[in-house]
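Listed below are the residues making up each chain.
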Amino acid sequence: MLTDELVEEIKREEGFVPVVYLDARSKKTIGYGTLLEDGISEAEAELLLRHRLSLMGRELENSRVGEVYENLRPGARRAVLNMAYNMGVPNLLGFRKMWAALAEGDYARAASEALDSVYARDLPARAGRVADSMRSA
């Protein structure tokens, strides 16, 4: 049976390692003894995705664009989080012209600024979908 006591016990026994390491049997492992060669289920991957998106949202809320981010329309907020997940919040904060347009509520210009980037040249289809989401906010 899964109990908090058991979870704490396993955490103490395994210890937490935030990067990939080789366990006693030279198996690639991470976290609290999770073997990477076993892979993860789609449900586990979705939990991780949701967790990281939540962290990125908080990171944006606490950044210099926090007020702008908090006032975005849902489509634009979704677009910004999509970009953050792909490139990380620090890189997304570098889109100064896009953020300026978002601050003014000019979603069409913000979408154009997002498309005028290495991100859009590297991932044109994704960037196009993100820009459409931003534009239609």
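Residues numbered from 1 in each chain as written. Predicted model: local features only at pLDDT ≥ 70, side-chain atom pairs only at ≥ 80, totals over all residues. Heavy atoms only, no water.

1. What to know about the packing of aromatic side chains
What counts is decided by this rule: For this analysis, a ring pair means two rings from Phe, Tyr or Trp (six-membered ring only for Trp) whose centres lie within 6.5 Å, classed as stacked if their planes differ by under 30 degrees, edge-to-face if by over 60, and tilted for the remaining angles. Under the DSSP-based scheme used, a helix requires at least four consecutive residues in state H or I and a strand at least two consecutive residues in state E, with every element numbered from the N terminus. Classification of residues uses two cut-offs on accessible area relative to the type maximum, computed with a 1.4 Å probe and protein chains only: under 20% is buried, over 50% is exposed, and between them is partly exposed. Any Lys NZ or Arg CZ found within 6 Å of a ring centre and within 35 degrees of that ring's normal is scored as a charge over the ring.
Enumeration over the complete set of coordinates arrives at one aromatic pair. Relative to Tyr-32, the ring of Phe-16 lies with its centre 5.2 Å away and its plane at 50 degrees, an arrangement referred to as tilted. A residue pair is termed long-range when its members are at least 10 positions apart, and Phe-16 in the loop between helix H1 (4–14) and strand E1 (17–22) and Tyr-32 in the loop between strand E2 (28–31) and strand E3 (34–35) qualify at 16 residues. Residue class for Tyr-32 comes out partly exposed when judged on its relative accessible area of 36%. The ring of Tyr-69 is capped by Arg-77, whose NZ or CZ atom sits 4.3 Å from the centre of that ring.

2. Focus on the sheet that holds E3
Whether parallel or antiparallel, the strands of a sheet pair through hydrogen bonds between backbone atoms. Stated formally: At least two bridges found by DSSP between two strands are what make those strands a pair.
Spatial strand order, E1-E2-E3: three strands in an open sheet with antiparallel pairing. Either end of the sheet is taken by a strand with one partner, and the two such strands are E1 and E3. In terms of strand pairing, E1 meets E2 through three bridges, oriented antiparallel. Looking at E2, one finds that Tyr-21 is bridged to Thr-29.

3. With respect to the nonpolar core
Under the convention used in this document: Each nonpolar core is a collection of buried residues, namely Ala, Val, Leu, Ile, Met, Phe, Trp, Tyr and Cys, held together in the definition by side-chain atoms within 4.5 Å. What makes two residues a contact is simply this: any of their non-hydrogen atoms within 4.5 Å.
Leu-60, Met-83, Leu-92, Met-98, Trp-99, Leu-102 and Met-134 are the most contacted members of the largest nonpolar core, which totals 30 residues. Of all elements in the fold, only helix H2 (42–61), helix H4 (74–87), helix H5 (89–92), helix H6 (96–103), helix H7 (107–115), helix H8 (118–122) and helix H9 (124–135) reach the threshold of two or more residues within this core. Among the elements that take part in this core, H4 stands out by supplying seven residues, more than any other. Among all residues touching Met-98, those that are not within four sequence positions of it are Met-83, Leu-92, Ala-110, Glu-113, Ala-114 and Met-134.

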